[in-house]
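Coordinate inspection notes
This is what each chain is made of:
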Amino acid sequence: MAMRRFLQRSPLLLTDQNGFTNTKFIKSIAVSTLKPTSETLNISEEISCFLRKNNWKTTIASSHVPSKLNPDVVCAVLHQKQVGDPKRLLDFFYWSQSQMGVPQFLDSFSILAVKLCNSNHLGLANEVLTQMIRSHYSSSSILDSIFFLFRNYEGSSAVVFDLLIDSYRRMRMLDEAANVFFVAKNDSILISLTRCNSLLKDLLKCGNMKLFWKIYDGMLDAKMGFDVKTYATLVNALCKTGDLMGAKRLLIEMEEKGLNPNEFIYGIVMERMCQVGDINEAVELKRCMGKRGLIPNYDIIIVGLSRAKRMKEAKLTFEEMQKMGLKPKYNTCSALIDGFMREGDIDEVLRIRDVMLSCDIPINLIPYNAVIHGLCKFGKMEKAAEVLEGMVALGCKLNSQTFCSLIEGYCREHNISQALEHLHEMEKRNLVPRAVTYGAMINGLCHCKDLSLATKLLEKMTLSGLKPNVVVYSTLIKGYADEGRIEEARRLLDEMRCEGVAPDIFCYNAIISSLSKCGKMEEASTYLLEIQRWGLTPDAVTFGAFIIGYSKIGKMTEASKCFHDMLDHGFMPNNLLYTVLTNGHFKAGNLKEALSTFQHIHALGVPPDVQTCSVFIHGLLKNGRVQEALKVFSELQEKGLVPDVFTYSSLISGICKLGEVNKAFELHGEMCLKGIAPNIFIYNALIDGLCKSGDIQRARELFDGMSERGLEPDSVTYSTMIDGYCKSKNLDEAFSLFHEMPSKGVQPHSFVYNALVYGCCKEGEMEKAMNLFRDMLQKGFTTILSFNTLIDGFCKSCKLQEASQLLQEMIAKQIMPDHVTYTTLIDWHCKAGKMEEANLLFKEMPERNLIADTITYTSLMYGYNKVGQLSEVFALFKEMVAKGVKPDELTYRLVVYAYCKENNLVEAFKLRDEIVRKGMLTKGAIHNLLIFSLCKREDLSEASKLLDEMRELGLKPSLAVCSILVCSFFQAGKMDEATQVFEGVKNLGLVPDTTSLIDFVNGNLNDRDSEDARNLIKQLV
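Keep in mind that this is a model prediction, so the values were computed, not measured.

The rules behind the values
Residues numbered from 1 in each chain as written. Predicted model: local features only at pLDDT ≥ 70, side-chain atom pairs only at ≥ 80, totals over all residues. Heavy atoms only, no water. Helix = DSSP H or I, 4+ residues; strand = E, 2+ residues; numbered from the N terminus. Buried < 20%, exposed > 50% of the residue type's maximum accessible area, 1.4 Å probe, protein only. Contact = heavy atoms within 4.5 Å. Areas by Shrake-Rupley, 256 points an atom, 1.4 Å probe, with all protein chains shown as cover. Lys, Arg positive; Asp, Glu negative; His and termini not counted. Charge placed at Lys NZ, Arg CZ, Asp CG, Glu CD. Core = buried A, V, L, I, M, F, W, Y, C linked by side-chain atoms within 4.5 Å. Patch = residues over 30% accessible without salt bridge, like charges linked within 9 Å, V, L, I, M, F, W, Y side chains within 5 Å. Salt bridge = Lys/Arg side-chain N within 4 Å of Asp/Glu carboxyl O. 1 Å grid on protein atoms, 1.4 Å probe; cavity = no way out; pocket = protein on both sides within 12 Å on 5 of 7 lines; lining within 4 Å. Points joined across faces, edges and corners; volume = space filled by probe spheres on them. Phe/Tyr/Trp six-rings, centres within 6.5 Å; stacked < 30°, edge-to-face > 60°. Axes fitted to C-alpha atoms, helices over the stretch in contact; angles between N-to-C directions. Parallel < 35°, antiparallel > 145°, perpendicular 65-115°, else oblique. Left-handed = near helix turned anticlockwise from the far one by under 90°. Nonpolar A, V, L, I, M, F, W, Y, C, P; charged D, E, K, R; others polar. Expected span 1.5 Å × (residues − 1). pLDDT = per-residue confidence, 0-100.

Attention shifts here to the overall build of the protein. From N to C terminus, the protein includes 59 helices and zero strands. The C-alpha extent of the protein, read off along each of the three principal axes, is 180 × 75 × 60 Å. Among the 1021 residues that make up the protein, the fraction classed as buried is 49%. Taking the contacts inside the protein whose residues are at least 6 apart along the sequence as the reference set, 61% of them involve residues at least 24 apart. Looking at the protein as shown, the accessible area adds up to about 50100 Å², and 51% of this sits on carbon and sulfur atoms. For the protein, the separation between the mean place of its 118 positive charges and that of its 122 negative charges on side chains is 8 Å.

Ranked by internal contacts, the top residues of the largest apolar core, which has 334 residues, are Ile-47, Phe-161, Ile-652, Ile-722 and Leu-790. Not counting chain neighbours up to four residues away, the residues in contact with Ile-722 comprise Ala-734, Leu-737, Phe-738, Met-741, Val-752, Ala-755 and Leu-756.

A word on unusual backbone geometry. Positive phi is not limited to glycine here, since Lys-309 has a value of about 65°. Along the chain, Lys-309 turns up in the loop between α18 (298-307) and α19 (311-323). Judged by relative accessible area, Lys-309 falls into the exposed class, the value being 58%. Of note in the backbone geometry, Gln-814 takes a positive phi value of approximately 60° without being a glycine. Within the element layout of this structure, Gln-814 appears in the loop between α47 (800-812) and α48 (819-831).

Judged by side-chain charge, Arg-172, Lys-201, Lys-205 and Lys-229 come together as a positively charged surface patch. With respect to the secondary-structure elements, Lys-201 resides in helix α12 (residues 193-206). Judged by relative accessible area, which is 56%, Lys-201 ranks as exposed.

With that settled, consider the pattern of salt bridges. Working definition: two side chains of opposite charge can pair if their charged atoms are close together. Counted according to the given criterion, the structure contains 42 salt bridges. Where Asp-482 meets Lys-478, a salt bridge forms, and the shortest distance between an N and an O atom there is 2.8 Å. Here Asp-482 and its partner Lys-478 are both found in helix α28 (residues 470-482), four residues apart, which amounts to about one turn of the helix. A relative accessible area of 44% places Asp-482 in the partly exposed class. The network of salt bridges with common partners includes Asp-166, Arg-169, Arg-195 and Asp-202.

On to empty space enclosed by the protein, then. Scanning all chains against the criterion turns up one cavity of 30 Å³ or more. Each pocket or cavity is described by its volume, and for the largest cavity that value is around 50 Å³. As for the largest cavity, its lining consists of Phe-598, His-602, Pro-608, Cys-613, Val-632, Glu-635, Leu-636, Lys-639 and Leu-641. Put simply, the parts of the chain that give the lining of the largest cavity at least two residues each are α35 (591-603) and α37 (626-638). By residue number, the principal contributor to the lining of the largest cavity is α37, which donates three residues.

Here Asn-623 is to be found in the loop between α36 (610-622) and α37. Once the C-alpha coordinates of Asn-623 and Val-73 are considered, the two residues, 550 residues apart in sequence, prove to be 120 Å apart.

This brings us to the packing of aromatic side chains. For any pair of aromatic rings, geometry is given as the distance between the ring centres together with the angle between the planes. Within the structure shown, the criterion is met by 25 aromatic pairs. With a centroid separation of 6.4 Å and an interplanar angle of 55°, the aromatic rings of Tyr-508 and Tyr-527 are classed as tilted. In this pair, Tyr-508 sits in helix α30 (residues 505-517) while Tyr-527 sits in helix α31 (residues 521-533), placing the two residues 19 residues apart along the sequence. Of the two residues, Tyr-508 and Tyr-527, both sit in the buried class. When the centroid spacing of 5.3 Å and the interplanar angle of 80° are considered together, the rings of Phe-738 and Tyr-753 count as edge-to-face. Of this pair, Phe-738 sits in helix α43 (residues 731-740) while Tyr-753 sits in helix α44 (residues 750-762); the two residues are 15 residues apart in sequence, bridging distant segments of the chain. For the pair Phe-738 and Tyr-753, a shared accessibility class is recorded, and that class is buried. Taken together, Phe-212, Trp-213, Tyr-216, Phe-226 and Tyr-231 form an aromatic cluster joined through their ring pairs.

All right, on to the side chain of His-422 then. On the secondary structure map, His-422 appears in helix α25 (residues 416-428). The exposure class assigned to His-422 is buried, which follows from its relative accessible area of 11%. Filtering out sequence-adjacent residues up to four positions away, His-422 remains in contact with Leu-388, Phe-403, Leu-406, Ile-407 and Tyr-410.

Below, the discussion takes up the packing of helix α41 (residues 696-704) against helix α42 (residues 715-727). Packing of α41 against α42 leaves a shortest axis separation of 10 Å and a crossing angle of 155°. Classed by the angle they form, the pair α41 and α42 counts as roughly antiparallel. For the pair α41 and α42, the sense of crossing is left-handed. Residues Ile-696, Ala-699, Arg-700 and Phe-703 of α41 touch α42, and the partners they reach there are Thr-717, Tyr-718, Met-721, Gly-724 and Tyr-725. Across the contact of α41 with α42, the residue classes break down as six nonpolar, two polar and one charged.

This part covers the side chain of Thr-130. Of note, Thr-130 is situated in helix α8 (residues 122-134). The class for Thr-130 is buried, based on a relative accessible area of 15%. Discounting chain neighbours no more than four positions away, the residues touching Thr-130 are Ser-167, Arg-170 and Met-171.

Within α18, nine of the 10 residues are buried, leaving the element largely enclosed by the surrounding structure. Where α18 is buried, its residues contact α16 (263-275), α17 (279-291), α19 and α20 (330-342). Just downstream of α18, Lys-309 is the residue with a positive phi angle, here 65°.

Residues spaced three or four apart along an α-helix face the same direction, because each turn holds 3.6 residues. Taking 1.5 Å per residue, 13 residues should reach 18 Å; helix α26 (residues 435-447) reaches 18 Å between its end C-alpha atoms and fits that length. Looking one or two places after α26, you find Lys-449, whose phi comes out positive at around 65°.

Let us look at the confidence of the model for the protein. On average, the protein scores 82 in pLDDT, and the residues at 70 or more come to 95%. Scored below 50 in pLDDT, residues 1004-1014 makes 10 contacts in the model with residues more than four places away or belonging to other chains.

Right, let's get into the packing of α36 against helix α38 (residues 645-657). For the pair α36 and α38, the least separation of the axes is 9 Å and the interaxial angle reads 5°. Taken together, α36 and α38 sit at an angle that is classed as roughly parallel. Where α36 abuts α38, its residues Val-610, Ser-614, Val-615, Ile-617, His-618 and Leu-621 lie against Phe-646, Thr-647, Ser-650, Leu-651, Gly-654 and Ile-655. Its residues assigned to classes, the contact of α36 with α38 shows seven nonpolar, five polar and no charged.

Here it is in structure tokens:
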């Protein structure tokens, strides 16, 4: 019978919820496949008669019926319409079950379920359906059986399908429940909206959105009218799947259908808006709810605003919520605490805590720990201590996180004693400090440079069974490395390896940085090799340390290589590294490399900062590149960077050294207008620039006005002023400032004394100079410069004996003379014609490892020229060339002069050619000598050619030589040549235009010109 019914049913029963054919229900179906026998029918009729009696159980039990009971009989009894009370049939069903010991047929369950529903015994029907499902019948068999019997009994109630859906729902069999919906719908049986709503809600809850939307589509197809609950579920579904626009459309649809969205529905949409960051729309929705008399879900809005970091609005909304007498949820207060904590608004955090207490909102350890963490983070340690006391008073059980926050906070405040107290308190409470707690303590101790206690804490941590991680080790290694205690840092590096903790790049960086700061680059390089051996990759800090280290010791080739390696590894150098590298190149004299490095910054798109530009400007100025420095300075301002006092200091100092004092004062005025106060270095640079330009009066005015700027002259200021006065021959003012210095708390140093000694020597005040010098000796201020200045002074005063005595005193005091000392003495002995003494000093120089320079040799040549020992001149010239000492123009002039005196014009002209070839000829002295010598030999033609050569070389002949050449031509009767040379003399402006040739030849010149001519003749005769 059942198989026949199955074949007559819709094919839909053969498919599952995914549309695949399902035939599993065919097996194990306990149905009668044959038409009931007459015996079965007779027994069933007999039982039906018994059931109409109140004592049916007793009657049946005393008859032969129990022995004849089987599922076919029971099914036949239930199927008959002789017993009108379905409850009695249900009792018989359960009673027969206990008598038979075999399962009932599926149709028996279905008959009972349908009849009970028809009699409105829904609770009992529900029980039958539930038992039916638990009897391991397939869902398709159950549905087929119920459908058949539902159609078999006229006027059957469709509520049986509602109950079947409910039964499946309660048993979490949502696919089967959905299948009931679809089959019923296909047979034009309408499931109630309540059951559909429940099914949708359950599907949404378990996330089966595919089936959810199928049910929804089925409801639409069935033209079911949706109620508020339906829309609530649909809105929730759209929000969960991210279709916020769809949810908002449903709200509009509800209003169009006359259904007003309730607070729950609005809350769902608002929550989703907040989740996706659409806070403004959520706030607008809240406003609309207020207009409609609905109370919005303040908790959702406040949480959303807090997470969006809109704490001002969150605070106002929270206050509005309080005014309405609404109690906030725990999550709301927690979100507010987190938000205010992020902003550092500790007062608001504490206010929210107080609200929670007043509203009896249970505050667990989480918000309290958040409050303490925030207070500690922002350094409010006193408040943190108060909150801790409150926690203890409320009976909160403190945990490791509580103490960890406090310990970290006290460590940041360098209050290690309090941190240690809390560490001990943890131990008293049997709270085992976590590794992070120890890490915080060790970090704090390292910051306070208490490395000894930090190391003891590390040992304690290990003994307690906690394994220090790489962060703890790296912190301690860095602490030792920063203090320059490399050996201890190395020991920790070895220890962590033994403990099975692999060092990271930070550990190595700390040691490499420390070694690089000390200039120990070879040792640092060994750690770089170790990094690579352990499979670690150098980072920007590693390369930066090597760049800084190599730059510091002047190894710019290696520094540049590290710089390019850094770029090859994909690391972008910061401005500090560019500054160090640029400065290093400037110090090493690599102007080209310094410019290239600065240009590289722009090429990489790294905007140079003020410090980088300042260093670059300073380097350019030191190399005389004033215009380029000013250009960089202008670009710096164009980019919106504000030059600092160091930038102006570098620029003003550099420009002053180049003598552009007016430009320096323009910059001084500019910085004052910008509110940048000049420092002492700037005043010193300006005063030095004025002194060197000879404007000592203006320098003094600037000096006197410093106190009005809140600055006091320092030793450099006084030294500069004193030096300026000495060089301007104003010794009185120089000594006045010198005597003023101690009263201003500035003690004179060696530079001041040297400046005064120089000034005295320049003015011939040798007694004053010696008094200062003796004072310097007592104070230990004497230097080579002091002796050299005094020796030069005595020499210029023609006191060669005193000068020589100073040399001996200098040697006795183990202040080794330099080549300047010897050259000064040699020069003045030569000028005095004391060649024997000069030669002894010259021979003494190599004994003191001093090398004679061009000036030394030239001084000796001058002396030997003066005394007529020309062979010595030639020997010295040959010697200096052989030793690689380059002659200058004066040296060549003296040798040419010597050759001319010996009438060896061939060698003289060779030297002339050599000088011209080297481009060293700047004056006409050598040509004058050669022209005079040619005139003496009456070789006037060659002399005239040489005069023409002088004009071509841009050299101006002396009047004396021109006079000799004109007179020589005149005496030889060569009037045309004499006139031609004479006209050239007038063109050069050597004589007035009114002078005639006769006057010129007769010697009618001024006394000075005549004297010059006579001197030249004396030199070469």
